[in-house]
Amino acid sequence: MVDQAGNTYSGYFMPQQFSTSQTQLDLKNTGVQATMQFKPTDNFLLTANYFHFQEKRTQITNVFEMPEWNLSNSPYSSEQGRLLAPNGLTFDSSGTIVTGANYQLPAAGTGCNATVNPSTGEARQAVDVCSTQTPWLTGNYSVEKATSQVANITGEWSGDYLSGSFNIGRTWAKGGPSVEFGAAAKPRVFVNGHWEDGSQISQWTLNGKPTMTASPDVLQNMLNGIGQMDLGSTGSGFVNTDTSQNFAQLDFTWTPNVSWLDSIQFGAKYRDTHAHQQGGEIRWYCPGTTEQFQSCDPGAGTLQSSFLLPHSLTSNTRVFSDSIFPGLNFPAYYNYLNNTYDTQRLMHPDDQSFIKEAISAAYIQANYNTGNWRGNVGVRFVSTMQDVYTADKITKNHAVYYHDANGNILICPNSGVNAGGGACAPGDFQYLPRSQQYTETYAIDSERSRYTNVLPSFNIVYSLPHNVVLRLTGSKAIARANYGDLAQLGNLTYYSQDYYNDRKQFGSPLPGWYGSGANKNLKPFTATQFDFGAAWYYAPNSVIGMNLFDKTVKNFVVPVTVTNRTVNVDGTPEQFMQYSTNANGRKGTSKGVEIFTQHDFSNGIGVIANYTLNKTNETAVSIGDTKVGESALIGSAKFAGNLSVYYQNDKLLLRASSNWTGRVVNGLVAGLTEYQAPYHQVDLNGDYEFNKHFMVTASIMNLTRSTTRSYLGDDTKLRLNSLGYSGRQYYLGVTYKFGPGK
């Protein structure tokens, strides 16, 4: 990399984009439950339940971003360092991690902002004269509804020696966006054959509070028309899902006439699950045509002032600071597209995935009690069959513009007609029809897997004098990979050299393949775990104790982003520059100790505290038989602690809770482990019961206004990946109970 002074940089870590975001979320939840019971005999009870839940969600997220587009990826003689200011990168003490970047637009006629290359004397095309693409305004607008329902019938029968129960039912759910819309804008406009810029500087730094700085007049300039809608980042793609599950379960308890054997429990369960998701999009066509509006409307990229919020968003928080934060008015722009063009909602029949999963299980468990000794021992047998069917969307990007015989991008003439006879905006580039810019196809793949697991368990409890209890437990458990990881809809994208040549000034990736997709061969992860604990119940409602634990987990799921990996593209192996998927960790261990206590004072004050210390190892992470990195157990923390102090009487409950979490492992990003930094939060809550019918509850969450932070690698915390701040949250609730009460 080179800056405007000719200084070169190499061998460093730098984020591809630096951004802050703000989200506005509106939620509405409704629920209905109905229950009916019937008791035909004294020892037989039937219960029927129905539950209906619906969530409506509207979410707007504005993102203020500075991508790496201002960096030069050409020799100095070609771009003179582009927008990276002299000595524009700052580093940590090791000189290997970029902690800040300073981009400045050179004065007109100098450096990359000259129509004639100062180094070679060659005339530049208008597209090759550098311009300000940052700050980049982007984000998302989503309107979504999800509905879930459950219906079941249970029966309970009791006898002298044998009791039993059954549960038969069905769950089903569906949901997805009615609006899923993304858009972006840049502070520049192409008029009269040249760029006009709305911002002169873009800066970000991690030194102190993370901060982004842009020209103070950038918002006003964009409101005045010095801006463009980034049509390449404007569109609507969505995924709708539906799931259903039929289930049946039988459980029996036999009470033999044996003094030390309390009971023997046995039973069976069956689940049959179907899950389906389908991708679609909303397209906008010029009226009376089937051409997308970007292709046939010369003014489609015009940034109207109504597409922007008229004010800057919050720019100074506990987490970050922005000198200014322009935002997009997503609903206004979305409504403009719907009112100006022909709108069509398309469901892509090939862009979908299915999962069918059938699980059969049986178990038996013996419960014993000899006085000082009690506990149980048992075993489960589980058989799982999965059929997974997924689609990959394959996009191949070709050239974007019309070119002359020498390969130069053609500029639209005053006639407003491009080389293909279509409409164009005079002075702007001549865009090829969208059908020639890229092609889209879908590749279908399927996988069937079947596995059986034997899962033993035991629990031994021994009571000592003075209310001391010892406990030893051991078990083997299984957890299947979630459906989102197994059947994620894939996106595989190829950028050609012609596309890169046309779009490198706009931040195009280097030529090659990029993408993400499912890993249908994810194995279920199993855990073998042992716990030994001791507890002393030294007073009523008071205890002090300790647990030692040891857990070995195989095949836990790790999200990974890998480079230079071969991926199957519709039967053809292709080398990918970058690919995101999920992988299995081969074998991880978690061992440690938990200390806990609770004490109730006679005046209504009480204390609850616990602390867990955990140690995990790093194990190989593999896609198939190929190792792609190493990771500790996902979600494991070095330590966790909780302290709660409360007061309660017949009507009032007050509680203050302090929670600590140590460093947490999140996954692999670009070959490095992502860690969540240690976190501490204080919450307050309480309730007051005025009478047997009426109660008021209140909570203050995150009283300490704590923030979350994640970073890459365990050698430094400066490879920042994310910062989050939810603020202090207040809740107030009212509960009213009908009926006579107690």
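Residues numbered from 1 in each chain as written. Predicted model: local features only at pLDDT ≥ 70, side-chain atom pairs only at ≥ 80, totals over all residues. Heavy atoms only, no water.

## As for the overall build of the protein chain
Regarding its fold elements, the protein chain presents seven helices and 35 strands. Overall size of the protein chain, expressed as C-alpha extent along the three principal axes, is 100 × 55 × 50 Å. When burial is assessed residue by residue, the protein chain has 42% of its 742 residues classed as buried. The contacts of the protein chain with a sequence gap of at least 6 include a subset with a gap of at least 24, amounting to 71%. Put simply, the protein chain shows about 36,600 Å² of open surface, and 53% of that area lies on carbon and sulfur atoms. (Helix = DSSP H or I, 4+ residues; strand = E, 2+ residues; numbered from the N terminus. Buried < 20%, exposed > 50% of the residue type's maximum accessible area, 1.4 Å probe, protein only. Contact = heavy atoms within 4.5 Å. Areas by Shrake-Rupley, 256 points an atom, 1.4 Å probe, with all protein chains shown as cover.)

## Regarding a positive patch on the surface
Residues K28, K56, K145 and K174 make up a contiguous surface patch of positive charge. Relative to the helices and strands, K174 resides in strand β6 (residues 162-186). Given a relative accessible area of 60%, K174 falls into the exposed group. (Patch = residues over 30% accessible without salt bridge, like charges linked within 9 Å, V, L, I, M, F, W, Y side chains within 5 Å. Salt bridge = Lys/Arg side-chain N within 4 Å of Asp/Glu carboxyl O. Lys, Arg positive; Asp, Glu negative; His and termini not counted. Charge placed at Lys NZ, Arg CZ, Asp CG, Glu CD.)

## Description of the sheet that holds strand β34 (residues 720-725)
Ordered by their spatial adjacency, four strands build an open sheet running β29-β30-β33-β34, and the pairing between neighbours is antiparallel. Each edge of the sheet is formed by a strand with only one pairing partner; in this case those strands are β29 (664-669) and β34. Pairwise comparison of adjacent strand axes, ignoring direction, gives a mean angle of 20° for this sheet. Judged from the three bridges that link them, strand β30 (residues 672-676) and strand β33 (residues 707-712) form a sheet pairing that is antiparallel. Note on β33: the bridge partner recorded for E674 is L712. (Pairing = 2+ DSSP bridges. Axes fitted to C-alpha atoms, helices over the stretch in contact; angles between N-to-C directions.)

## Brief notes about a nonpolar patch on the surface
Residues F601, I605, L643, V645, Y647, L654 and W660 make up a contiguous nonpolar surface patch of roughly 570 Å² in combined accessible area. Secondary structure elements with two or more residues in the nonpolar patch: β27 (639-648) and β28 (652-661). The biggest single contributor to the nonpolar patch is β27, with three residues. Examined against the element boundaries, I605 turns out to sit in strand β24 (residues 605-616).

## With respect to the sheet that holds strand β14 (residues 321-322)
The five strands are arranged β3-β4-β9-β10-β14 in an open sheet whose pairing can be described as mixed. Pairing within the sheet leaves two strands with one partner each, and these edge strands are β3 (84-91) and β14. Sheet analysis places strand β9 (residues 201-205) next to strand β10 (residues 211-214), joined by four bridges and oriented antiparallel. Looking at β10, one finds that W204 is bridged to M212.

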